[in-house]
Amino acid sequence: MKEKILLKIESIREEIINLSMDIYNNPEIAMEEYESSKKLANYLREKGFDVEENFEGMKTAFKATIKNGEGPKIALCAEYDALPYGHACGHHLIGAISIAAGIGIAEALKKYSGEISILGTPAEEIGEGKPYLIEKGVFDNYDLAMMVHPFADTCIEPIVTTIGGYDFTFVGKTSHAGAKPYEGINALDAVVSFYNNISVLRQQLKDGTRIHGIILEGGDVVNSIPDRCKMRYEIRSTETDYYSEIVEKVINCAKAAALATGCELEYNQFERVCLGLKRNKTLADIFKSKMGEFGIVDSPKQLSGGSTDMGDVSHVIPSLHPMVKFVENNEDVHTKEFLSSSKKPFAFNMLINSAKTLAMTALEVLKNPQLVDEMKKEHNN
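None of these values were measured; they are calculated from a predicted model.

### What to know about the nonpolar core
Right, so step 1: Within the largest apolar cluster, 63 residues are counted, with the highest numbers of intra-cluster contacts made by Ile16, Leu44, Phe49, Ile99, Met146, Phe326 and Leu358.
Right, so step 2: Other than its neighbours up to four places away in sequence, leucine 44 contacts Phe49, Val51, Phe62, Ala64, Ile99, Ile103 and Ile118.
Right, so step 3: By size, the runner-up hydrophobic cluster in this structure holds 26 residues, among which are Met231, Ile235, Tyr243 and Cys253.

### As for the sheet that holds strand 8 (residues 209-217)
Right, so step 1: The strand order across the open sheet formed by 4 strands is 8-9-7-10, and the pairing between neighbours is antiparallel. Only two strands of the sheet have a single partner each, and these edge strands are strand 8 and strand 10 (264-274). Sheet twist, expressed as the mean angle between neighbouring strand axes with direction ignored, is 20°.
Right, so step 2: Pairing of strand 7 (residues 162-171) with strand 9 (residues 228-237), which is carried by 10 bridges, proceeds in the antiparallel orientation. From the neighbouring strand, threonine 162 faces strand 9, where its bridge partner is serine 237.
Right, so step 3: Against the sheet, helix 6 (residues 187-201) engages strand 7, strand 8 and strand 9, with an angle of about 15° to strand 9.

### Focus: the packing of aromatic side chains
Right, so step 1: This structure, assessed with the given rule, holds 6 aromatic pairs.
Right, so step 2: Where phenylalanine 62 meets tyrosine 80, the ring centres are 5.9 Å apart and the plane angle is 15°; that geometry is what we call stacked. Of this pair, phenylalanine 62 sits in strand 2 (residues 62-68) while tyrosine 80 sits in the loop between strand 3 (73-78) and helix 4 (91-108), and the two are 18 residues apart along the sequence. A single burial state applies to phenylalanine 62 and to tyrosine 80, both of which are buried.
Right, so step 3: For the ring pair phenylalanine 194 and tyrosine 233, a centre distance of 5.2 Å and an interplane angle of 80° mean the geometry is edge-to-face. Separated by 39 residues along the polypeptide, phenylalanine 194 in helix 6 and tyrosine 233 in strand 9 bring together distant segments of the chain.
Right, so step 4: Take phenylalanine 194: its relative accessible area is 0%, and that puts it in the buried class.
Right, so step 5: Overall, tyrosine 233 belongs to the buried group, its relative accessible area being 0%.

Basis of the calculations
- Residues numbered from 1 in each chain as written.
- Predicted model: local features only at pLDDT ≥ 70, side-chain atom pairs only at ≥ 80, totals over all residues.
- Heavy atoms only, no water.
- Core = buried A, V, L, I, M, F, W, Y, C linked by side-chain atoms within 4.5 Å.
- Buried < 20%, exposed > 50% of the residue type's maximum accessible area, 1.4 Å probe, protein only.
- Contact = heavy atoms within 4.5 Å.
- Pairing = 2+ DSSP bridges.
- Helix = DSSP H or I, 4+ residues; strand = E, 2+ residues; numbered from the N terminus.
- Axes fitted to C-alpha atoms, helices over the stretch in contact; angles between N-to-C directions.
- Phe/Tyr/Trp six-rings, centres within 6.5 Å; stacked < 30°, edge-to-face > 60°.

Rendered as C-alpha cells:
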C-alpha cells in the first residue's frame, strides 16, 4: 500500500507542480480566491473526489471527499490566498501539498476504512477561513487535521502565537494651524502619544509577546490641526491568556492618549483573533517517523513568532502544522526573496516530499485507528 500511494503521488508530480504554478502566476488575495479555489476543486473532481464548492456559504471555500465505510476521518487543509504582492507565504504550495497527499491517501481507502477530505480554507492571511468553518461545525466532523507550511527552516512543532488586531481612531477638533492652533484638538498628537505609550509598554512585556502597528490616517492637510487620525495595531502572544491581558493594556494606552489630548477614542477589531497552536505530540511523532525518508530534517532551533488560523483548528481537534524548509538560502516568508525562491526546483521537490510524508502519516492512522484515541486523549488533557 505504501508503494501504491507513493507511486500515485509520483505519477501526478508534474500536474501538481503545474497546478501550484498556475496559482502562483494568478495570485488572489484573501476572500477573492475565486479562480484559485475553482481550479483546485475542479482538479480534485477530475480525480474522483466528491466536491462541494461555495462550502458552508463561503464563496471561495470547498470540500473534496473520498470515503470508505467508518474509520478515521482526516482533514487536509489547503490554503491558496496570496499577499498583495504575490505568493510570498507559499500558499500556492500549501494547497498543492494537501491535494497531492489526499490523492495519494485515496489509494489506501481502497483497502482501509476511513475518510479523507481536502478542505479549501480561504483567507489565512487575515484569519477568516478556518474560524468561519469552525463556527459552522465543519471540523467537529473530523478526527484530526493536517497541513504543511513552507518556511525558511524546518520545525515540526513550531510555537504559533495568538494574534488579534485593533483599529484605534482619535477624534479631535480642527482649526487653522497657523492662526488659531489653540482652538483645535489635535488627533495626531493623540496618535503620537499612543505610539509612545506602546513603546514604553514593550519594556514590561513577557518574552514571546509582540505589538506592531501603522498609522492609517494622520490628517488631511498640513495647515490644519488634524481632527481625525487612526492607528492600527496587531498584538501577538505565545500565551492565549496573556494575550487578553495585553489587549487590555493596549486599550488603556489608547485611553490615556485620548485623555491627555482631549480627543474622543473609538476602537474596534479589524480582524478575528487567531489562537496559538495547540500541539499534539502523538500526531507529530507519526509525521517525524516518516519524514526522514523524504529528506525532511527537523532543525534544532525552535521556531516561533508566526500566527495562523490553523491554531484555532488545533483547539477543536488534534492538528499538525509543521514548518518545512522549502528554500535553499533561508529566505524568510513574506519577502520578495521567498516569493522568487518558492518557484524553484528545490521548492517543487519539497512539495512532493511533503505530500508523501503527509500521506504516510495518514496511512499510519488508517492502519491503526487506535491512534485517533491516543491523539484525542492527549488533546483533551
